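# Examining the three-dimensional arrangement
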Amino acid sequence: MNERQMLMSKIKKYDFALKELNLYLDTHPDCRRALAMFNQYNALRKTAAEEYARKYGPITPDETNDTQHWTWIDAPWPWERR
Amino acid sequence: MWQYEKKLEYPVNIKTPNAKLAKVIITQLGGPDGELSASLRYLNQRYVMPYPEVKGLLTDIGTEELAHVEMISAILYQLTKDLTIDEIKASGFDTYFVDHTTGIYPVAASGTPFTAAYFQSKGDVITDLHEDMAAEQKARTTYDNILRLCDDPDVRDPIRFLRQREIVHYQRFGEALRITQDNLDAKNFYACNPVYDKNCGRRR
């Protein structure tokens, strides 16, 4: 795995933890421990996603910041083989 | 509304094309217990749900199922990329190829096109949550069968991830059903739709 793939892998791990906590919190909305973990992973995810957008390109269209080229359409798309 | 994130929920990197396997796995895209019917089931059911926990859960699981549609489609795309015509003929993929080339189109393993008849939106929280729990188990069984038919570790890995998600969703839907039953009036012993039958079948 190159550095780009490692950072993406880290974001996917944070997102997985957040998804699990999100579903758990839907049926346990007053669980303070799960809420604390959600906020903790959310902060980590935000920092990692900002680094990714800065170095390699946007994960969502609002993260594009190039003034010369619309980087959103640049390869790779997620379904393509590495 | 929704926003697309340019990444898969879990990585799919398949080195060896295998059209025969694609013919089987496509059923989790367009088949009766597939991810597309799961997503549409939950996202359609959620509107009339009486409890916030159930509205949230159907929205969030329905959204995750869309990510699973994308994962299955990525598996199909990678399994059918760079096939030769001889491989297509030998694998039996020719019956799909003639209509769709290697485009991704939602059909069951039998070739039957996707239909909304695969799911229900009954407007009754108890009925819908029972269907949802059954749907997660049916999808889990389908993934078990795919794992029985598949040796490639590159394919088994994301399929095993998707199988595990069915189990987690089943657990959460079970909790939603418990929350629903806790909310029912003590007089609603026969579990009538809490939105409609305030008197549980009795005339005022």
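Scroll up to find the structure this text is about.
Presented here is an overview of the structure given in this document. Owing to the predicted nature of the structure, the values given are computational and were not obtained by experimental measurement.

### A closer look at the overall build of chain A
- What chain A contains, in helices and strands, is two helices and zero strands.
- Here chain A has a C-alpha radius of gyration of 15 Å; the compact-globule value for 82 residues is 12 Å, and the former is much larger.
- Projecting the C-alpha coordinates of chain A onto the three principal axes gives extents of approximately 45 × 30 × 20 Å.
- Counting all 82 residues of chain A, 34% fall into the buried class.
- As displayed, chain A has an accessible area near 5,400 Å², and 53% of this comes from carbon and sulfur atoms.
- Here chain A holds 13 positive side-chain charges and 12 negative ones, and the gap between their average locations is 6 Å.

### Topic: the environment of Gln 5 of chain A
- Looking at the element boundaries, Gln 5 of chain A is found in helix α1 (residues 3–27).
- Between the alpha carbons of Gln 5 of chain A and Tyr 52 of chain A there is a distance of 9.9 Å; along the sequence they are 47 residues apart.

### Considerations on the pattern of salt bridges
- Taken as a whole and assessed by the stated rule, the structure comprises 17 salt bridges over all chains.
- Here Lys 7 of chain B and Asp 15 of chain A are joined by a salt bridge, their closest N and O atoms 2.8 Å apart. Of this pair, Lys 7 of chain B sits in the segment before α1 (19–25) while Asp 15 of chain A sits in helix α1, each in a different chain. The same class applies to Lys 7 of chain B as to Asp 15 of chain A, namely buried.
- Residue Glu 20 of chain A is joined to Arg 165 of chain B by a salt bridge in which the shortest nitrogen-to-oxygen separation is 2.9 Å. Linking Glu 20 of chain A in helix α1 with Arg 165 of chain B in helix α8 (residues 153–183), this pair reaches from one chain into another.
- Through salt bridges with shared partners, one network takes in Asp 15 and Arg 45 of chain A together with Glu 5 and Lys 7 of chain B.

### Topic: the packing of helix α4 (residues 52–80) of chain B against helix α7 (residues 125–149) of chain B
All names here are of chain B.
- Running from amino to carboxyl end, α4 crosses α7 at an angle of 25°, the nearest separation of the two axes being 13 Å. The angle between the axes of α4 and α7 places the two elements in the roughly parallel class. With respect to the hand of their crossing, α4 and α7 are arranged in left-handed fashion. Where α4 abuts α7, its residues Val 54, Leu 58, Ile 61, Glu 65 and Ile 72 lie against Val 125, Leu 129, Asp 132, Glu 136 and Tyr 143.

### Comments concerning the packing of aromatic side chains
- What the rule picks out here adds up to ten aromatic pairs over all chains.
- Consider the rings of Tyr 10 of chain B and Phe 161 of chain B, whose centres lie 4.5 Å apart with planes at 15°: the pair is stacked. Within this pair, whereas Tyr 10 of chain B is found in the segment before α1, its partner Phe 161 of chain B is found in helix α8, the two being separated by 151 residues in sequence.
- Classification of Tyr 10 of chain B as partly exposed rests on a relative accessible area of 22%.
- According to the relative accessible area criterion, Phe 161 of chain B is buried, its value standing at 10%.
- Taken together, the aromatic side chains of Trp 72, Trp 77 and Trp 79 of chain A together with Tyr 4 of chain B make up a single cluster linked through ring pairs.

### Details of the environment of Asp 124 of chain B
- Relative to the helices and strands, Asp 124 of chain B resides in the loop between α6 (94–100) and α7.
- Considered as a pair, Asp 124 of chain B and Ile 179 of chain B are 55 residues apart in the sequence and their alpha carbons are 14 Å apart.

### Describing the nonpolar core
Residues and elements named next belong to chain B.
- Counting residues in each nonpolar core, the largest one holds 30 residues, and the members touching the most others are Ile 25, Ile 72, Ile 75, Leu 79, Val 155 and Ile 159.
- Per element, the largest residue contribution to this core is seven residues, and it comes from α4.
- Dropping the residues within four chain positions of it, Leu 79 is found in contact with Ile 14, Thr 16, Pro 17, Asn 18, Ala 19, Leu 21, Ala 22, Ile 25 and Val 155.
- Judged by nonpolar contacts, the second largest core, of 18 residues, contains Ala 38, Met 49, Ile 61 and Leu 177.

### Structural notes on the interface of chain B and chain A
- With 33 residues of chain B at the contact, the number on the chain A side is 31 residues.
- In this structure, the connection of chain B to chain A is made through four salt bridges.
- Top contributing element to the side of chain B that touches chain A by residue count: α4 of chain B, with eleven residues.
- Class assignment for the residues of the side of chain B that touches chain A results in 13 nonpolar, six polar and 14 charged.

Criteria and cut-off values
- Within each chain, residue numbers correspond to sequence positions counted from 1 in written order.
- As a convention, the first chain written is A and the first ligand written is 1, with the rest following in written order.
- Thresholds applied to this predicted model are a pLDDT of at least 70 for local features of residues and 80 or more for the giving and counting of side-chain atom pairs; totals over whole chains, interfaces and linings are not thresholded and use all residues.
- The side-chain numbers reported here are obtained from all heavy atoms of the structure, hydrogens and water having been left aside.
- Numbering of helices and strands runs from the N terminus; a helix is a DSSP stretch of H or I covering at least four residues, while a strand is a stretch of E covering at least two.
- We compute the radius of gyration from the C-alpha atoms alone; for a globule the expected value is 2.2 Å times N to the 0.38, where N is the number of residues.
- Working definition: with a 1.4 Å probe on protein chains only, accessible area under 20% of the residue-type maximum means buried, over 50% means exposed, and in between means partly exposed.
- Note that accessible areas follow from Shrake-Rupley with a 1.4 Å probe, and for residues the cover is restricted to the protein chains shown.
- Neither His nor the chain ends contribute to the count of charged residues, in which Lys and Arg are positive and Asp and Glu negative.
- Lys charges are placed at NZ, Arg charges at CZ, Asp charges at CG and Glu charges at CD.
- Any Lys or Arg side-chain nitrogen located within 4 Å of an Asp or Glu carboxyl oxygen qualifies as a salt bridge.
- A fitted line through C-alpha atoms serves as each axis, taken over the contacting stretch for helices, and the angle formed by two N-to-C directions is quoted from 0 to 180°.
- Here the word oblique covers every angle except those under 35 degrees (roughly parallel), over 145 (roughly antiparallel) and from 65 to 115 (roughly perpendicular).
- Helix crossings are classified by the rotation of the near helix relative to the far one: an anticlockwise turn of less than a right angle makes the crossing left-handed, while a clockwise turn makes it right-handed.
- We call two residues in contact when some of their heavy atoms are within 4.5 Å.
- Pairing of aromatic side chains here covers Phe, Tyr and the six-membered ring of Trp, requires ring centres within 6.5 Å, and sorts the geometry by plane angle: under 30 degrees stacked, over 60 edge-to-face, intermediate tilted.
- What is meant by a nonpolar core is a set of buried Ala, Val, Leu, Ile, Met, Phe, Trp, Tyr and Cys residues, joined one to another through side-chain atoms within 4.5 Å.
- Each residue gets one label: Ala, Val, Leu, Ile, Met, Phe, Trp, Tyr, Cys and Pro are nonpolar, Asp, Glu, Lys and Arg are charged, and the others, such as Gly, are polar.

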